[in-house]
Amino acid sequence: MAANEGDEATVSLVDVLEEDEELENEASAVLAGSDSEKCSYPEGYVNRQALYACSTCTPKEGEPAGVCLACSYKCHEGHDLFELYTKRNFRCDCGNSKFGAKECKLYSDKDLLNTDNKYSHNFFGLYCTCNRPYPDPEDPVEDEMIQCIVCEDWLHGRHLGCPVPESVELQEMVCESCLNKAPFLRIYATHLAVPAVTKGSLCHAEGEVKKEGEVKKEGEVKKEGEVKKEGEVKKEGEVKKEGEVKKEGEVKKEGECDEGKNLTKDASTSLINQGEQKVNGVPSCKRRHQEMEGGLDCRLKELKATGTEAVESGAVFWPSAWRTKLCSCVSCRNSYSEAGVSFLLDESDTVLAYENKGKTTEQEQAGAAEGRDPLMSALNTLGRVQQLEIIHGYNDMKTELKDFLQRFAAEGKVVTPEDIRQFFEQQQNRKRRRANEGQYYCS
């Protein structure tokens, strides 16, 4: 219900709860997969965990260092921290030689240095190829930042060298710099990369149908029951005709010759179907095992043989499960190792897998706590007289709050935060008066 004209800006209770739930979900996605009570150092180089950098203990002129979630709470409370989201294969630095005489409060027996940790300018609060902080008070342009899954740096969308597709939060991105270090990924990108479809292009295409030989008119809409003409370009989302075969990114016209295209088509289709139950008659998990044993040809060589030219610049966005389509033969695995991207074959490496782990942990904890009412648990620790006093006080407050809110409903008004604050102030004042009256009576 809208607020009355002239009233202060208000929000509904539903808005507050929805925003709170959204923030909780975002936080749990990052934090729930990490332990908030114990330092992660004893676990070694953790596959993926939430990390922070403390500019109070390790300022910009010093050495970069990262601390785990628990240490950010227990050892660096009140310090200036940079939230690094998550990083792979990192061991907590808190209390080692980079922190001088400051020891870790949770786990003090640590090596002087974690030699396998990898650091970047992120640990000093700088991001992207522009080497700027985020948020940047000097940048007038509002731009989202997207994390590269290889170097794990965060880059502005306008600095990626390619259009940012729809639903970017559901896709993985590899930046141009990392693609230059692993050029074989460009070949996969030619067949797997997410098409550069942006909001603008989607809106432009909406509601229009192009006829054969006809110039497309702005806002033209296909009439109900209209028959699709021969050679007409198929609109996105249109139902495919029975028996029609559609090549990725291409509409097949009636009578079109496939000669000279079978190699490209077969290789692309074979690769794209790797995520399905079977690939060329071989279950995908079995195919990967056979590749590792040398029983199947290299998929990368098959793609090279298609002769399709790879895009040589810009970042690349990848679709869901694209990693399962990478070749895992001995030669390719050596290439991954040399380029430092062997983790691409690890299904548990993805941020999505980390977030799902956190959600599973939360659900298990919630299930264990189900049926335990916090109020009843607290009451069980008190004496009978205290229990009765609390129950009566709770019932009185519930009744008064209900009556208070009913007045707003009857008048069609929106409850503001100030109204709620005044209600509880009145409750406190009544409590004080009762306490004072009781003291006077006892004296």
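Residues numbered from 1 in each chain as written. Predicted model: local features only at pLDDT ≥ 70, side-chain atom pairs only at ≥ 80, totals over all residues. Heavy atoms only, no water.

J.: Explain the overall build of the protein chain to me, please; I cannot follow it from the model alone.
T.: Helices and strands together make up the secondary structure of the protein chain, namely 13 helices and nine strands. A total of 443 residues make up the protein chain; the buried ones form 31% of that total. For the protein chain, restricting intrachain contacts to residue pairs at least 6 apart in sequence, the fraction spanning at least 24 positions comes to 67%. Of the roughly 28500 Å² of accessible surface on the protein chain, a fraction of 51% belongs to carbon and sulfur atoms. (Helix = DSSP H or I, 4+ residues; strand = E, 2+ residues; numbered from the N terminus. Buried < 20%, exposed > 50% of the residue type's maximum accessible area, 1.4 Å probe, protein only. Contact = heavy atoms within 4.5 Å. Areas by Shrake-Rupley, 256 points an atom, 1.4 Å probe, with all protein chains shown as cover.)

J.: What should I look at first to understand the sheet that holds strand E1 (residues 46–54) in this one?
T.: Consider a sheet: its strands pair through backbone hydrogen bonds, and that pairing is either parallel or antiparallel. Reading across from one edge, E2-E1-E3 is the order of the three strands in this open sheet, with antiparallel pairing throughout. The strands lining the two open edges of the sheet, one partner per strand, are strand E2 (67–68) and strand E3 (81–90). Relative to E2, E1 runs antiparallel, the two sharing two bridges. If you follow Leu-51 over to E2, its bridge partner there is Cys-68. (Pairing = 2+ DSSP bridges.)

J.: Whenever I open this one, the nonpolar core confuses me. Can you help?
T.: Across soluble globular proteins, nonpolar side chains have a tendency to be buried as a group. Counting residues in hydrophobic clusters, the biggest one holds 45 residues, and the most contacted among them are Met-173, Leu-185, Tyr-188 and Trp-318. Ranked by residue count, the leading element in this core is helix H4 (residues 184–192), at six residues. Judged by nonpolar contacts, the second largest core, of 14 residues, contains Leu-69, Ala-70, Cys-71 and Cys-94. (Core = buried A, V, L, I, M, F, W, Y, C linked by side-chain atoms within 4.5 Å.)

J.: What is the right way to read the environment of Ser-36 from this model?
T.: Here Ser-36 shows up in the loop between helix H1 (13–31) and E1. Classification of Ser-36 as partly exposed rests on a relative accessible area of 28%. Spatially, the C-alpha atoms of Ser-36 and Cys-71 are 8.1 Å apart, while their sequence positions differ by 35 residues. Those residues in contact with Ser-36 that sit more than four places away from it in its chain are Leu-69, Ala-70, Tyr-73 and Lys-74.

J.: It is not clear to me how empty space enclosed by the protein should be interpreted in this structure. Could you clarify?
T.: Unfilled space is identified by rolling a water-sized probe across the atoms. Taken as a whole and judged by the stated rule, the model has three cavities of 30 Å³ or more. Counted as a void, the second largest cavity has a volume near 40 Å³. Every residue along the wall of the second largest cavity is listed here: Arg-48, Arg-88, Gln-147, Cys-148, Ile-149, Glu-152, Glu-172, Arg-323, Asp-349, Thr-350 and Val-351. Residue composition of the lining of the second largest cavity, by class: three nonpolar, two polar and six charged. (1 Å grid on protein atoms, 1.4 Å probe; cavity = no way out; pocket = protein on both sides within 12 Å on 5 of 7 lines; lining within 4 Å. Points joined across faces, edges and corners; volume = space filled by probe spheres on them. Nonpolar A, V, L, I, M, F, W, Y, C, P; charged D, E, K, R; others polar.)

J.: I'm lost on unusual backbone geometry in this one. Help?
T.: Where the residue is not glycine, phi is negative for most of them; where a peptide bond is considered, it is trans in most cases. Following Tyr-134, the chain continues to Pro-135 via a peptide bond in cis, the omega torsion being -5 degrees. On the secondary structure map, Pro-135 appears in the loop between E3 and strand E4 (145–147). The backbone of Tyr-85 sits at a positive phi, close to 65 degrees, despite the residue not being glycine. As for its position among the elements, Tyr-85 is in strand E3. Positive phi is not limited to glycine here, since Asn-89 has a value of about 50 degrees. Owing to a relative accessible area of 38%, Asn-89 belongs among the partly exposed residues under this scheme.

J.: Help me understand the side chain of Asp-349 in this model?
T.: As for its position among the elements, Asp-349 is in the loop between helix H9 (330–339) and helix H10 (351–369). According to the relative accessible area criterion, Asp-349 is buried, its value standing at 1%. One polar contact links Asp-349 to Arg-323, side chain to side chain, over a distance of 2.8 Å. Beyond its immediate chain neighbours, meaning those up to four positions away, Asp-349 contacts Asn-47, Arg-48, Arg-88, Arg-323 and Phe-343. (Polar contact = N/O pair within 3.5 Å; in protein donor to acceptor, adjacent residues only side chain to side chain.)

J.: What is the right way to look at the packing of aromatic side chains in this model?
T.: What describes a pair of aromatic rings is the distance from one ring centre to the other and the angle between the planes of the rings. Under the criterion given, the structure shown has 10 aromatic pairs. Between Tyr-85 and Trp-154 the ring centres are 5.4 Å apart and the planes differ by 75 degrees, which places this aromatic pair in the edge-to-face class. Of this pair, Tyr-85 sits in strand E3 while Trp-154 sits in strand E5 (residues 154–156), and the two are 69 residues apart along the sequence. By way of ring pairs, the aromatic residues Phe-404, Phe-408, Phe-423 and Phe-424 are connected into one cluster. Arg-88 extends its terminal NZ or CZ atom over the ring of Phe-343, reaching a point 3.6 Å from the ring centre. The positively charged end of Arg-91 is found above the aromatic ring belonging to Tyr-41, 3.9 Å away from the centroid. (Phe/Tyr/Trp six-rings, centres within 6.5 Å; stacked < 30°, edge-to-face > 60°. Lys NZ or Arg CZ within 6 Å of the ring centre and 35° of its normal.)

J.: Where do I start with the environment of Gln-427 in this structure?
T.: With respect to the helices and strands, the residue Gln-427 is situated in helix H13 (residues 417–442). Each C-alpha atom of the pair Gln-427 and Glu-400 lies 9.2 Å from the other, and the pair is 27 residues apart in sequence.

J.: I would appreciate a short explanation of the confidence of the model for the protein chain in the present structure.
T.: The predicted coordinates of low-pLDDT regions are not to be read in fine detail. Considering every residue of the protein chain, the mean pLDDT works out to 76; 65% of them sit at 70 or more. For the protein chain, the element scoring lowest by mean pLDDT is helix H5 (residues 199–205), at 39; E2 scores highest, at 98. Low confidence marks residues 274–282, where pLDDT is under 50. Its contacts with residues over four positions away, or in another chain, come to 21 contacts. (pLDDT = per-residue confidence, 0-100.)

J.: Could you clarify how one ought to interpret the pattern of salt bridges in this entry?
T.: A side chain with one charge may pair with a side chain of the opposite charge, provided their charged atoms come close. Applying the stated criterion to the full structure yields 13 salt bridges. Notably, a salt bridge pairs Glu-152 with Arg-88, separated by 3.9 Å at the nearest N-O pair. Of the two residues, Glu-152 is situated in the loop between E4 and E5 and Arg-88 in strand E3; the sequence distance between them amounts to 64 residues. Given the relative accessible area of 6%, Glu-152 is considered buried. Owing to a relative accessible area of 10%, Arg-88 belongs among the buried residues under this scheme. Through salt bridges with shared partners, one network takes in Arg-48, Arg-88, Glu-152, Glu-172, Arg-323 and Asp-349. (Salt bridge = Lys/Arg side-chain N within 4 Å of Asp/Glu carboxyl O.)

J.: So what exactly am I meant to see when it comes to the environment of Glu-176 here?
T.: Relative to the helices and strands, Glu-176 is located in helix H3 (residues 176–181). Taking the C-alpha atoms as reference points, Glu-176 and Cys-148, 28 residues apart in sequence, are found 9.4 Å from one another. Setting aside anything within four residues of it in sequence, one finds Glu-176 in contact with Arg-186, Ser-313, Gly-314 and Ala-315.

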